[in-house]
Each structure stands twice: as structure tokens, then as C-alpha cells.
Amino acid sequence: MALSVSIKPRERKPASRRLGAGSAFVVVFWALGPQIAAARPATIGARLYNRDCAACHGERGRGGIGLPLSLPSFQQNVDNRYLRRTIRYGRRGRIMPPSPRLSGAQLRSMVRYIRRWAGNRPATLVGAGKPGNPARGAVLFAAHCALCHGAAGVGAPSTGVTLSRPRSQPIMAPALDNPGYLASASDPVIRTAVVRGVAGTPMPSSRREGLTAKNVDDLVAYIRSLQNRPQPATPPVRGGPDIVGVSPDGLAPTIARLKDAVQAANMRLIRVQYLDQGFVTPGMENKHQVIVYSCDFGFLNTALQVDPRVGVFLPCRITVLQHRGKVLVMSVNPKRLSTLFNNAALSRLCDEMYHRYRDVIEEATF
Ligand code: HEC
Ligand code: HEC
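Here the structure is a predicted model, which means the values were calculated and not measured.

1. Topic: the pairing of strand S4 (residues 317–323)
Here is step 1 of the chain: With five bridges connecting them, strand S3 (residues 289–295) and S4 associate as antiparallel partners. Across the sheet, Tyr 293 pairs through a bridge with Arg 317, a residue of S4.
Here is step 2 of the chain: Judged from the five bridges that link them, S4 and strand S5 (residues 326–332) form a sheet pairing that is antiparallel. Counterpart to Leu 321 in the pairing with S5 is Leu 328.
Here is step 3 of the chain: Between the end of S4 and the start of S5, which pair antiparallel, lie two residues, with Arg 324 showing a positive phi angle near 50°.

Shown next as C-alpha cells:
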């Protein structure tokens, strides 16, 4: 359980004072939550980080679908306000979700935990600079920055750390026009990234790019101006988050037809199992909820070449369940992936995947 990993009384207390059974500790922990939060903020922060962030940013901030957070070069470039706000607002359209429900105390303890990875060194921002000219900044941006950050700062076609790029470019440039970024970064924070760059990532310093202090002022003014640009509406996701079909038949004949439909669509049937199999005592599974695993491996390989992280999200599973007298056949809508990854090649594949899953589900519920 995540709780027993992140909360290690051993680290802080002599053995004689250690709390006994793990479960008792958990109960005490929840009961005393607020007091403990005051006493051990970094530990609470670790627990929250592991729960809400580690899946994307990696254990101890090493990076993954999200950017690496543990690099000293990154940490010295950002103040705590930037970190707190980034967590609160997220980066809509760039995968990272907002966390509107975390309290100020929870945000602060998470930031304290993140700061531990770089030895608790405080941020040292460069000076504020002078007001710049956004129009001149736009020209400089197109020449020096757009190659990585995309035209008008929309971000690289992928995010975080990825293996599908050359070794010199393993970290994808974030979107600078993102409302979550612009609401979090003050001008000095933007300026610091541009002046210093981020050692250990492809982000160069302005000196290496041959830019003057005035150029940097113009670039900061340009990035700030992206805030006022209307954001393109998120494309509507046809059919919502799931593709759902209602079968005219009972559970068993529907599953039989689904298996046929999968094979007719040239997808390999991998296995059929109960939804809760492995989570409950064998024999006690809910027999009204079944998952059919299937895959087109040729297709999967093509998608993985576009972006290896797609494997985490690929549906490859169709659920059949009996609910209020109806038999439903459903899968995740692959079109959701395109809004997550913001990558044109992947969007085309997601479109194709959508049609295939929809056809299979239609066939099974015809
Ligand atoms: C070779 C690719 C590359 C180029 C060229 C580049 N950047 Fe970056 N930039 C990155 C990467 C990668 C990061 C993320 C670094 C990290 O992991 O913290 C980044 C981060 C940033 C950030 C911080 C954003 C954030 O979310 O933390 C700003 C601001 C920025 N770049 C501005 C610029 C500007 C302005 C230019 C042009 C002068 C530029 N960059 C040129 C790759 C690049
Ligand atoms: C679903 C994946 C995902 C989750 C969960 C997530 N992030 Fe992110 N995060 C990202 C991505 C992707 C980016 C970069 C956005 C871009 O490329 O434009 C990012 C950016 C960031 C940045 C800015 C880094 C920089 O270089 O300026 C910080 C800080 C951050 N995340 C912290 C967190 C924390 C703390 C949590 C947990 C509360 C969290 N994230 C949860 C995916 C995620």
C-alpha cells in the first residue's frame, strides 16, 4: 500500500517509539491527519506526490510522461509559487491535470518534498529585466525557439521524457502558451529559464543562442503576450469518454458474438476474464462483468513507434457487463488519446482505432 511506503516512522523515531501494526498506524494517521501534517510536511508531501504525480513524473521526480522535476538546474530556476500554482492549475491540453482540491498546506508539503531532491536549495532567479517588445520577441522566437517549443509556443508534439527522439532531444519542450504555465510563471521565472537554460535538458541558455539582454526582454514580453491569445477550443470527442453498445441479448451470447467480432476485425483474442479476477477470492468473482482482451499487434507496433508511451493508454480491452437488466459492451474511446497527446500522427491512429473499436462493438451488439 502506498501509505506504508511513503510513511516511514523508522526514519524519524527511535525503534522503541515506533508505532506497532501498519494498519493501526494508518488509523492513527487519518485521525491525526492535520496535526501530523504540521509536524511532518515532507512526509505528507511524499505520500501526495506518490499518489498524484509519480505515475507521470517518475519516482523521485526522474521524469516520464511529465518533465523531470529533480534536476538542480530546474529547481534553481523556479520559485515555490511557481511549483504550487503549477500543481493547482495543471497544464490543460498537455496531459497534466489540475489539482483544485488540494489545500494550501498540502501544496506546500508537496513542494517541500520536491525540494528535497535537489538538497533543499532555494531558487535564485535572475533580475526582472526591462519591459520588452512582443512583436520583436515573436520574430526572435520563430528563429531561436520554435524548433523545439513549436510555432507560437504550442509545445513539442509530445511531452516529458521520451525514447522515440534522438538522444540529444530526449526531453520534450513544454507548451509556453499554456494557460496553466502562464498563470504559474512570473516574468522573472520565465526570464530565468531563458537566460540560464536548464542544464541536463535540451533547453539552451540565451548566451549560447547569442541573444542580448534586450532580446531576452522581448522574448519574455512575447511569451507573456501568449496569455491573451484565445485558446483553440478542445475538439469535441465523438461519443464521450467511452464507446458503449447495448446488446439485445443476454451476457453469454453477447460475449460469444464479441469474440467473433474481434476475430473478424483481424484482432487477436488474448483472453477473457472476470473484471475483478485476481482482486477477490477465486470463485467469488462477479460473473456479470467480463473483460475481453484483444489486440492488433501490427497496429500496436505502428502506434508505439509514433510514441512509446501510448502503450500505457491503449484500450485493447472491451468490457461486457450486465447492468440493471441490460448487457453493455464498452471500451475506452481512443479519440481521448489524441486530446491527451496532442500529436497529429497519433491523432490519425486514434481515429482509426476509434472506428475499429466502434465497428467491433456494433457488430457484437447488432
Ligand atoms: C533544443 C530545444 C529547445 C530550444 C531551442 C529552446 N528550448 Fe526552451 N525548453 C526546452 C526544454 C526541453 C525545456 C524543459 C526543460 C525542463 O525539463 O525543465 C524548456 C523549457 C523552457 C521554459 C520553461 C518552461 C516550463 O514549463 O518550465 C521556457 C520559458 C523556455 N524553455 C523558453 C525558451 C525560449 C524563449 C527559447 C528560445 C530562445 C527556447 N526556450 C529554446 C527546449 C528548448
Ligand atoms: C497525467 C500526467 C501528469 C500528472 C499526473 C502530473 N503531471 Fe506534472 N506535468 C505533466 C506534463 C506532460 C508536463 C509538461 C507539460 C508540457 O509538456 O507542456 C508537466 C509539467 C509539470 C511541471 C512543470 C515542470 C517545468 O519544467 O516547468 C511541474 C512542476 C509538475 N508538472 C508537477 C507535477 C506535480 C507535483 C504533480 C502531482 C500533483 C503532477 N505534476 C502531476 C504530466 C503530469
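2. Describing the coordination of the iron atom of ligand 2
Here is step 1 of the chain: Only His 57 (NE2) and Met 96 (SD) from the protein reach the iron atom of ligand 2 as donors, at distances of 2.0 to 2.1 Å.
Here is step 2 of the chain: Taken together, the six donor atoms surrounding the iron atom of ligand 2 define angles of 84 to 178° at the centre, an arrangement classified as octahedral. Of this pair, His 57 sits in helix H6 (residues 54–57) while Met 96 is found in the loop between helix H8 (80–89) and helix H9 (104–116), placing the two residues 39 residues apart along the sequence.
Here is step 3 of the chain: For Met 96, a relative accessible area of 23% gives the class partly exposed.

3. So, the packing of helix H13 (residues 187–196) against helix H14 (residues 213–225)
Here is step 1 of the chain: Interaxial distance between H13 and H14 falls to 10 Å at its minimum, and their mutual angle equals 130°. With respect to H14, the axis of H13 lies oblique. Both H13 and H14 take part in a crossing whose hand is right-handed. Contacts from Asp 187, Ile 190, Arg 191, Val 194 and Val 195 in H13 reach Ala 213, Val 216, Asp 217, Leu 219, Val 220, Ile 223 and Arg 224 in H14.

4. Some points on the nonpolar core
Here is step 1 of the chain: Among the nonpolar cores identified, the biggest contains 38 residues, and Tyr 49, Tyr 82, Tyr 181 and Ile 190 are the most heavily contacted of them.
Here is step 2 of the chain: Listed by contribution, the elements that provide at least two residues to this core are helix H5 (41–52), H8, H9, helix H10 (134–144), helix H12 (179–184), H13 and H14.
Here is step 3 of the chain: Counting contributing residues per domain, this core is built from domain 1 (2–116) and domain 2 (134–228), each supplying no fewer than three.
Here is step 4 of the chain: Aside from chain neighbours lying at most four places away, what touches Tyr 82 is Phe 74, Arg 91, Tyr 181, Ser 184, Ala 185 and Val 189.
Here is step 5 of the chain: Counting 27 residues, the second-largest nonpolar core is a separate cluster that includes Met 267, Phe 299, Val 327 and Cys 350.

5. What to know about empty space enclosed by the protein
One water molecule sets the probe size; rolling that probe over the atoms shows where empty space is left.
Here is step 1 of the chain: Summed over the entire model, instances satisfying the criterion amount to one cavity of 30 Å³ or more.
Here is step 2 of the chain: Around the largest cavity, the lining comprises 10 residues; the ones closest to its centre are Met 267, Asp 296, Phe 299, Met 353 and Tyr 357.
Here is step 3 of the chain: Of all the elements in the fold, those that place two or more residues in the lining of the largest cavity are helix H16 (297–306) and helix H19 (344–364).
Here is step 4 of the chain: Take the lining of the largest cavity: its biggest share by element is three residues, from H19.
Here is step 5 of the chain: Of the residues assigned to the lining of the largest cavity, the class counts are eight nonpolar, no polar and two charged.

Reading guide: rules and limits
Residues numbered from 1 in each chain as written. Chains lettered and ligands numbered in written order. Predicted model: local features only at pLDDT ≥ 70, side-chain atom pairs only at ≥ 80, totals over all residues. Heavy atoms only, no water. Pairing = 2+ DSSP bridges. Helix = DSSP H or I, 4+ residues; strand = E, 2+ residues; numbered from the N terminus. Donors = N, O, S within 2.8 Å, 3.2 Å for Na, K, Ca; no water. Tetrahedral: all angles 85-135°; square planar, octahedral: opposite > 155°, others 65-115°. Buried < 20%, exposed > 50% of the residue type's maximum accessible area, 1.4 Å probe, protein only. Axes fitted to C-alpha atoms, helices over the stretch in contact; angles between N-to-C directions. Parallel < 35°, antiparallel > 145°, perpendicular 65-115°, else oblique. Left-handed = near helix turned anticlockwise from the far one by under 90°. Contact = heavy atoms within 4.5 Å. Core = buried A, V, L, I, M, F, W, Y, C linked by side-chain atoms within 4.5 Å. Domains from an automatic or database assignment. 1 Å grid on protein atoms, 1.4 Å probe; cavity = no way out; pocket = protein on both sides within 12 Å on 5 of 7 lines; lining within 4 Å. Points joined across faces, edges and corners; volume = space filled by probe spheres on them. Nonpolar A, V, L, I, M, F, W, Y, C, P; charged D, E, K, R; others polar.

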